[in-house]
Amino acid sequence: LDTLLLTTSAGPVLILANATNTTLLLLSYPSEPTDPSIADPTVPSITLSDPISLGAGASFLASFPWGDGATLLALSGEVLTVVRLDGVVPTEVFSASGATPRAVEFSSNSGVDYLLAGSSLYSLGGAATLSGTTVVSAKNGVVVFTDLSIDRIGSYRLSFTPLSLDEPHSSASSLFSARAHTSSDVTVNVSIEATLLPYRADAPGVVKVVDLGGNELLSSGIPVTAVLDNPSEYNLLADKQEFSSVSARDVAHFSIGGADFVAVANNYDGSSYKVDSKVYWFTAGALRLLQVLSTSGAYSVSPFTVDTFKHAHGSVLTKETTHFLAIANHFDDDDGYMTTSSIFRWNATLLRFKEHQRIPTEGATHIQPFMLNGVRHLAISNFFDGTFHAVDSEVWRWSEKSTSFTLLQAIATHGAHHVSHVSHKGHHFLAFAQYRAEDEASLGTLSPLYLWDTDTQAFDLILSIPTSAAMHSQPFVIDARLYVAFANYRNASTGAAETFSPVYEIRCAEGAAGSFEAVVHQEIATVGATAWEHLTRGAEHFLAVALWSPDLPEESGVKLYQWVGTCLNFFTPYAATTSAGPFALEFLFANSAYYLLQAIPGEPFSLVQQFVSPSGASPPSFSTTTVDGVAAFPAPLNTSLFRADFLAPPLDTSRASGDLCRCPIPPIRIDEDLLRPICVCPVNYYCDVVFGTFWDRCPDHSSSPVGSDALSDCLCDVGYTGDPNNNTKCTPCPAGTYKGSSGNATCTLCPANTTSAAGSAVCDICFPGFTLDDTQTD
């Protein structure tokens, strides 16, 4: 039923599983071939030992190296049997009835080995027993098991299996370390994060609470708040607050324990770079100062978390999630560009950040946290050492042993002004934005893209992408395609602020396995672009560009673009706002509203703006609680296009009136005046250029030609009158009237001695005593 080929300390072995017994055969061969007929001495004659019984039948086999040269075998059949194999000598570890999984996982954590077979958990010293209340209700989206105990100290994988509402879901599981409560039992507390999904297609406006593994949580009383957000309506940015900053270069939002915070990197006060950066608490739609951080010429601020393990009760480890802020210090009054950047660690007792580590940097401009192979890393873009821009950027890796970051790799860059990370389809990329050229005087025209090589365990250069004095890179994924937007600050040829900032698609190069190419997807006109920021609102994608041009202050501000798909796959103008000119942007969703944060350089303040309607209104919010894991919302949330995330979830209704744009002929044309794509729709549909993404069918009894882009193109059919564009429905011409062509004209009275039925194109009914003369018009 199954076979397995292994290498053991005794040599290679072949394991053959059948329903009643599993046997082992040792493969052996002499070091030199004895048969002279064998032409190739690298192919020896192989002999098999007598079968060795492993004591149980199986339909599925799995293996795992265990201990000093030993191998652990799982034989899954009528019973699950785990056997230790020392060479060819088997020793049964344990067996369990009633478990016949075809998915068996052996793993090790902190020196403790365990096995996950289907939904059952076993420690390898014998089956561990889980006791306590295993079915509980969620509160505020968190499930806490307060009295679970395990009778064996160690590290385990605990599986959470819901009572499904309407269909089966795979179980979610979490790794955790159990700490000793007494000498004989172990107590654990487990929390589950949750989200919302549509309940059923035939139950619009109803959502179900699920964990991150998609498992339904059948709990009642969970408060759920939803926001009815329509991006086409709430598309204006209103100033909400100016908050204190000092020539800010970056701003970032993060959450700790459900509270929202904003950190701002302050750069220069006009006389000194030794300027404190600040952390604000965002509450009730406003920022309140929480803490100042000692920084010098701060250029970026990046929040991140690290899962660390601490010893508790001897050798058992417990996991903690710790929050950090990384601040790139660009310049110091004493040290110049050859200074250090700071890592600050959150102290949950003091509710403050404390400096944790300093990393030597050379004119650092950005620190990008990212996860790789389950370990936290930091990519640092170094810009200038005081003499040259040809300075290496670096990648640092978290060391759990030292609880600090250590240098992993130096990466060749030239005047790197920003670095970003993206993981896509199993690949890890670092995209650098290079401002300066190799001659040290010209503006940069190429920005490098690096790819993580799993064989060399390093980032390798794969592409040099054309850019122009690039200051920022923003990767994002739409419809499983990877894009990178670069903010070009200047035209590298002329030095002018007016230039184009490109959006590239990064894709596999045709005919070259393992190779990539960067293809220009779109170029957007910008003036002094310093940063891009990607945002999703419901199902919609947006890009915002920060424009900072001291020479052209009237051009400074923010411009937003909305992604237009499915047939267009293009960004079109969405909104704009003027300001003193931001250097960096950050989106924030909190308090049932969307906000835009602007870091303003050269000013003593930065800016918070909120997306509102033209009348200044915020999107309406609705609250309810779950019943058996299901939350039902009333109209106007009763839409089949209901979309939600947990905790004040944004709902998207902009698609309620139309279908996705599937333009079959031809997909795109460009309006030369608007310089943006317009959907070319089929007969009897129109594609509104304002919303762009959707095409709508003309109202009843009206039609439109191919390529219609407005409701006004829908004209009443023959025999009908009205004006759909002015909300007047197309209605049948009354009896005794007719309309022989499409359009919004009124109906015409029938000629003398004729009449017609309602909705007629001609008057073809004669009065008594008269006959229709086909040769005449009347």
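Participant: What is the right way to look at the overall build of the protein chain in this model?
Facilitator: Helix and strand counts for the protein chain stand at zero helices and 64 strands. A burial count over the protein chain gives 51% of its 778 residues as buried. Contacts in the protein chain between residues at least 24 apart in sequence constitute 47% of all its contacts with a sequence separation of at least 6. Taken as a whole, the protein chain presents about 35200 Å² of accessible surface, with 52% of it coming from carbon and sulfur.

Participant: Where do I start with the side chain of Gln610 in this structure?
Facilitator: Position of Gln610 among the secondary structure elements: in strand 48 (residues 605-612). In this structure Gln610 comes out as buried when scored by relative accessible area, which is 4%. Looking at Gln610, its side chain comes within polar contact range of the side chain of Ser618, at 2.8 Å.

Participant: Please clarify how the packing of aromatic side chains should be interpreted in this entry.
Facilitator: Where two aromatic rings form a pair, the distance of their centres and the angle of their planes describe that pair. Inspection of every chain in the model, using the stated rule, returns 31 aromatic pairs. Relative to Phe583, the ring of Trp548 has its centre 5.5 Å away and its plane inclined at 70°; by these criteria the two rings are edge-to-face. Remark: Phe583 occurs in the loop between strand 45 (570-578) and strand 46 (584-590) and Trp548 occurs in the loop between strand 43 (540-547) and strand 44 (557-564); sequence separation between them is 35 residues. Phe583 shares its class with Trp548; the two are buried. Positioned above the aromatic ring of Phe583 is the side chain of Arg249, whose terminal nitrogen or guanidinium carbon lies 4.6 Å from the ring centre. If you follow Arg537 out to its NZ or CZ, it ends over the ring of Phe611, 4.8 Å from the centre.

Participant: Explanation requested: the sheet that holds strand 43 in the structure shown.
Facilitator: By definition, the strands of a sheet pair up through backbone hydrogen bonds, in either a parallel or an antiparallel sense. Read across the open sheet, the four strands follow the order 42-43-44-45; overall the sheet is antiparallel. The open sheet has two free edges, formed respectively by strand 42 (529-537) and strand 45, since each of these has just one partner strand. Geometrically, the sheet is characterised by an average inter-axis angle of 25° between neighbouring strands, direction not taken into account. Bridging between strand 42 and strand 43 involves eight bridges; their strand directions are antiparallel. What sits directly across from Ala529, in strand 43, is Leu547.

Participant: How should I be thinking about unusual backbone geometry in this particular structure?
Facilitator: Most peptide bonds take the trans configuration, and most residues that are not glycine carry a negative phi. With phi around 60°, Asn727 is a residue other than glycine that occupies positive phi space. Along the chain, the position of Asn727 falls in the loop between strand 59 (720-723) and strand 60 (728-732). With a phi angle near 70°, Asn753 is a residue other than glycine that sits in the positive phi range. Structurally, Asn753 can be placed in the loop between strand 62 (748-749) and strand 63 (754-755).

Participant: Before we go on, may I ask you to explain the pairing of strand 34 (residues 416-424) in this structure?
Facilitator: Side-chain positions along a regular strand alternate between the two faces of the sheet. Counted residue by residue, strand 34 has eight buried out of nine residues, so it is predominantly covered. The sheet contact formed by strand 34 and strand 35 (residues 427-434) spans eight bridges and is antiparallel. Counterpart to Ala416 in the pairing with strand 35 is Gln434. Taking the residues between adjacent antiparallel strands as the criterion, strand 34 and strand 35 are bridged by two residues, where Lys425 takes a positive phi near 50°.

Participant: What's the story with the nonpolar core in this structure? I'm lost.
Facilitator: The nonpolar side chains of a soluble globular protein tend to be buried with one another. Phe243, Phe282, Leu287, Tyr595 and Val608 are the most contacted members of the largest nonpolar core, which totals 16 residues. Secondary-structure elements contributing two or more residues to this core are strand 22 (248-256), strand 23 (259-266), strand 24 (277-283), strand 46 and strand 47 (593-599). Per-element tally for this core: the top contributor is strand 47, with four residues. When neighbours within four sequence positions are excluded, Leu287 is seen to be in contact with Gln241, Phe243, Val262, Tyr280, Trp281, Phe282 and Val608.

Participant: How do you make sense of the sheet that holds strand 40 (residues 498-508) when you look at a structure like this?
Facilitator: Across the sheet, four strands lie side by side as 38-39-40-41; this open sheet has antiparallel pairing. On the outer flanks of this sheet lie strand 38 (470-478) and strand 41 (516-527), each paired with one strand and no other. On average, each strand axis in the sheet is inclined to that of its neighbour by 20°, with strand direction left out of account. By the bridge criterion, eight bridges tie strand 38 to strand 39 (residues 481-488) in an arrangement that is antiparallel.

Participant: Can you walk me through the state of the cysteines in this structure?
Facilitator: In protein structure, a disulfide is the covalent linkage between the sulfur atoms of two cysteines. If you walk through the whole model with that rule in mind, you get four disulfides. Each sulfur in the disulfide pair Cys733 and Cys747 lies 2.0 Å from the other. Its torsion about the S-S bond being -80°, the disulfide of Cys733 and Cys747 is classed as left-handed. One end of the pair, Cys733, is in the loop between strand 60 and strand 61 (737-738); the other, Cys747, is in the loop between strand 61 and strand 62, and 14 residues separate them in sequence.

Participant: I'm lost on the pattern of salt bridges in this one. Help?
Facilitator: Any two side chains of opposite charge can pair, so long as their charged atoms come close to each other. Counted by the stated rule, this structure contains eight salt bridges. A salt bridge links Arg84 to Asp86; the nearest nitrogen and oxygen atoms lie 2.9 Å apart. Taking relative accessible area as the criterion, Asp86 reaches 33% and is therefore assigned partly exposed. Arg507 is paired through a salt bridge with Glu505; the nearest N and O atoms lie 4.0 Å apart. Glu505 sits in the buried class, given a relative accessible area of 8%. Because the salt bridges share partners, they merge into one network encompassing Arg481, Glu505, Arg507 and Glu517.

Participant: When you look at the environment of Phe370 in this model, what are you seeing that I'm missing?
Facilitator: Within the secondary structure layout, Phe370 lies in strand 30 (residues 364-372). Separated by 66 residues in the primary sequence, Phe370 and Phe304 place their C-alpha atoms 8.4 Å from one another. Aside from chain neighbours lying at most four places away, what touches Phe370 is Val375, Arg376, His377, Leu378, Ala379, Val395, His421, Leu430 and Phe459.

Participant: Looking at this structure, how should I read the environment of Pro604?
Facilitator: With respect to the helices and strands, the residue Pro604 is situated in the loop between strand 47 and strand 48. Sequence separation of Pro604 and Asp269 is 335 residues, and the distance between their C-alpha atoms is 8.3 Å. Not counting residues up to four positions away in its chain, the partners in contact with Pro604 are Phe243, Ser244 and Ser245.

Participant: Could you clarify how one ought to interpret the side chain of Ser399 in this entry?
Facilitator: With respect to the secondary-structure elements, Ser399 resides in strand 32 (residues 393-399). One polar contact links Ser399 to Ser402, side chain to side chain, over a distance of 3.2 Å. If we ignore the near neighbours within four places in the chain, the residues touching Ser399 are Ser404 and Thr406.

Participant: Please explain the confidence of the model for the protein chain as it appears in this structure.
Facilitator: When the pLDDT values of the protein chain are averaged, the result is 78; 71% of them are 70 or greater. Contacts of residues 152-156 to residues separated by more than four positions or lying in other chains number 27 contacts, the stretch itself having pLDDT below 50.

Participant: Explain the environment of Ser9 here, please?
Facilitator: By secondary structure assignment, the location of Ser9 is in the loop between strand 1 (2-8) and strand 2 (11-17). Taking the C-alpha atoms as reference points, Ser9 and Gly87, 78 residues apart in sequence, are found 4.9 Å from one another.

So, how was this worked out
Residues numbered from 1 in each chain as written. Predicted model: local features only at pLDDT ≥ 70, side-chain atom pairs only at ≥ 80, totals over all residues. Heavy atoms only, no water. Helix = DSSP H or I, 4+ residues; strand = E, 2+ residues; numbered from the N terminus. Buried < 20%, exposed > 50% of the residue type's maximum accessible area, 1.4 Å probe, protein only. Contact = heavy atoms within 4.5 Å. Areas by Shrake-Rupley, 256 points an atom, 1.4 Å probe, with all protein chains shown as cover. Polar contact = N/O pair within 3.5 Å; in protein donor to acceptor, adjacent residues only side chain to side chain. Phe/Tyr/Trp six-rings, centres within 6.5 Å; stacked < 30°, edge-to-face > 60°. Lys NZ or Arg CZ within 6 Å of the ring centre and 35° of its normal. Pairing = 2+ DSSP bridges. Axes fitted to C-alpha atoms, helices over the stretch in contact; angles between N-to-C directions. Core = buried A, V, L, I, M, F, W, Y, C linked by side-chain atoms within 4.5 Å. Disulfide = S-S within 2.5 Å. Salt bridge = Lys/Arg side-chain N within 4 Å of Asp/Glu carboxyl O. pLDDT = per-residue confidence, 0-100.

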